[in-house]
Structure formats: structure tokens, C-alpha cells
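Structure at a glance
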Amino acid sequence: MRKYLLSTSALAGAALLSSAAVADVSISGSFEWDYASKDSNLSVNDGNVMGHDQEVHINFTNKTDSGLTISATNQYKSSTGAMDDTSVSISGGFGTLTLGQTDGASDKYGMNALGLLAEEETGTLMTTGTDSTTASISTSTAGLDGNTNKISYHIPAVGGLTAGLSVTAGGISGDDDTTAVGFNYAVDAGGAAVTVGYSSSTQETTTGTDIDGTSMGVKIVMNGISIMATNGSYEASDEDRSTNAAGISYTLANGLTLGYATVKSEDDLDVGEEYTANHYEASYDVASGLTAVLNVSDFDYEVTAGNHEVTPVDQNGTITSLTLKASF
């Protein structure tokens, strides 16, 4: 009886929706559990911690009679209740128009060698602002865009070229507006897949000093080996940072991936301010949808009296972490 009622209900629903657009719906999710042992010269950063992150993704896709593809993305961090990525995209022969709270051109086309690793550690609390020794330094070469409300346009692929533009409105006053552009160019060279990327972003500010950032680099993939070299820059009030990173990863036939990445960042306006980190990683696919990642990150942050940060202190140490990642 229950099956019959469900069947008749489905038929009635299909009849009601026959004249309306019916989207394809996909639901997926992920869960990450992390245990990290932190050995630092600062007691506030020393000790063992556990954490987790869980996300739910609900995506809708519909194709119109005119040939347009409309996709809606909804990503939620169910572990915190926060909205992560909520946007709609309209795609066709003209390219793709994306509206909503999502990454822009700076993140989409920027290059970051640390991206070859699954779970690299930044090494300190330097970018969180939660302790008195917080410093202002770049720890990667990634783009500057975040998941903020914006409008983006991406051209249709031309050979191996993809490119885009995004604009974020800062508010009624007209300040803090951000414009970002970027491109990737992919080509096959003697059996190696080579990708070159560049992105640039500018955020207007009321102080008169805009915040500018760039990200560029090259990635080569061949016979299970991936190699990247990237550079990033960041300019703002009292900030002129240059960051270089390089990485390599190799995936074995048994599902084990070994990786290494290194990053070095300097601020030319703060004499002696320098951040370096080396990341070593082993990632193993235990089963379909289940991955274990072991990561060891050595970091060193140096600063002198010429630095303008608030109560800056040298920081160094090692973080060893084990992460279990499940996807659904």
C-alpha cells in the first residue's frame, strides 16, 4: 500500500511539473577529522589539538529550451552552520556568468604550489589575529578573493586558454570594491601537460592605498608526477610582500601520493621580516571515498626591531598532523 501511494504521488507530482523546468539535483558531502601535534617555541602555539570540518553540497542543474545551462551551487559547513559557497551560473556559447557568494577570478586562475598537497599547515596563528604575537605575512601564493558576493564572467575556452573577470562591491560608500582578472593556458608539450596561470586583483580603500595582489606560476604533470613553481605579491598600507613557492607530488599505483612543498615570503617594508616553511606529506586512499593524510610542516618566522607589526615575536616549530577525509 505504501509503495502504491508513493508511486501515485510521484505520478501526480510529475504531472504538475510537466510544464515547468525540472532540474537535475545532486547531493554530496565531506567530513574531515584532524589531529595535530604542535611543537613551537611559543607556549601559546604549543600542544595537541583536534578538529573537524563537515560540508554538505546541494547542486541544481537545468538546461533551457534555448540551450542555456543554469546551475545553482549551495555549499554549507554543517560543522559550524556557516554558508560556504552559494551561487548561480548561466552558461552558453557566450561563456559563463556567475552570480553570488563564491570565489572570483583571482582564486580561480591564481597559482599556488602548496595546492599540490592535501593538508599543508601554515605553522602559526599568524593570520588569525587571535594572539598578541600575530604577524602580517603571506603564507602562500594563492589569490586574494574570498567567498564574497560578486559577479564573474568567464570566456568560453579558446584552445587551451580560459580567462575571467570578477567584480565585488564593497558597499554603499563605494569603497572596498574589488576587481580581479586572471587566465590559465594549458598545452601538451611532449606528453607533459603544462599549465601557465596568472591573476591580479585590486581592492579600493578609503585610506588612499589600494590593496593589490598577484599570483602567477606554472604546473607540469607527466607520468604521475606533478611539479609547480609559483609567485605571489601583496601590496597595501605598510605591506610589500613577495612570496615564492615550489612543490612536487608523485602518485604511486597503489594509491599512495607523496608530496613536498616549500614557501618563502618577505616584506620589503619591514626589515628582516621573513617566513619560510617546508611541508612533507603522504596521502593514501584507504578505500573509495576514504583518504588518510600524514603531514609534517616545519616553519620559521623571523622579525627584527624594524618591523612595524604589533608586538612581533620570532616563531618557529614543527606541526605533525593526521587527517582522515571521507567523501559521500
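One structure accompanies this document, and this report is about it. (Residues numbered from 1 in each chain as written. Predicted model: local features only at pLDDT ≥ 70, side-chain atom pairs only at ≥ 80, totals over all residues. Heavy atoms only, no water.)

1. Concerning the pairing of strand β5 (residues 95-102)
A regular strand carries its side chains on alternate faces of the sheet. Relative to β5, strand β4 (residues 82-92) is paired through 7 bridges, and the arrangement is antiparallel. Bridge assignment links G92 to a residue of β5, and that residue is G95. In sequence, β4 turns back onto β5 through a hairpin of 2 residues. Bridge analysis of β5 against strand β6 (residues 148-154) gives 7 bridges, and the strand direction is antiparallel. If you follow L97 over to β6, its bridge partner there is Y153. (Pairing = 2+ DSSP bridges. Helix = DSSP H or I, 4+ residues; strand = E, 2+ residues; numbered from the N terminus.)

2. Some details on the side chain of S283
With respect to the helices, strands and loops of the structure, S283 is situated in strand β14 (residues 274-287). The exposure class assigned to S283 is buried, which follows from its relative accessible area of 11%. The contact partners of S283, leaving out residues within four places of it in the chain, are G255, L256, T257, T291, A292 and V293. (Buried < 20%, exposed > 50% of the residue type's maximum accessible area, 1.4 Å probe, protein only. Contact = heavy atoms within 4.5 Å.)

3. Side note on a nonpolar patch on the surface
On the surface, a nonpolar cluster with roughly 570 Å² of combined accessible area is contributed by I220, I225, I227, I248, Y250, Y260 and Y280. Every element with two or more residues in the nonpolar patch is listed here: β11 (225-236) and β12 (239-251). (Patch = residues over 30% accessible without salt bridge, like charges linked within 9 Å, V, L, I, M, F, W, Y side chains within 5 Å. Areas by Shrake-Rupley, 256 points an atom, 1.4 Å probe, with all protein chains shown as cover. Salt bridge = Lys/Arg side-chain N within 4 Å of Asp/Glu carboxyl O.)

4. Quick word on the packing of aromatic side chains
With the rule as written, the count across this model stands at 2 aromatic pairs. With centroids separated by 6.4 Å and ring planes inclined at 35 degrees, the aromatic side chains of F183 and Y198 adopt a geometry described as tilted. Of the two residues, F183 sits in strand β8 (residues 178-189) while Y198 sits in strand β9 (residues 192-203), which places them 15 residues apart along the sequence. Owing to a relative accessible area of 31%, F183 belongs among the partly exposed residues under this scheme. Taking the relative accessible area as the measure of exposure, Y198 reaches 28% and is therefore partly exposed. Ring centres 5.2 Å apart and planes at 40 degrees place the aromatic pair Y260 and Y280 in the tilted group. Of this pair, Y260 sits in strand β13 (residues 256-267) while Y280 sits in strand β14, and the two are 20 residues apart along the sequence. On the accessibility criterion, Y260 (31% relative accessible area) is partly exposed. For K108, the ring lying beneath its charged end belongs to Y109, and the centroid distance is 5.8 Å. (Phe/Tyr/Trp six-rings, centres within 6.5 Å; stacked < 30°, edge-to-face > 60°. Lys NZ or Arg CZ within 6 Å of the ring centre and 35° of its normal.)

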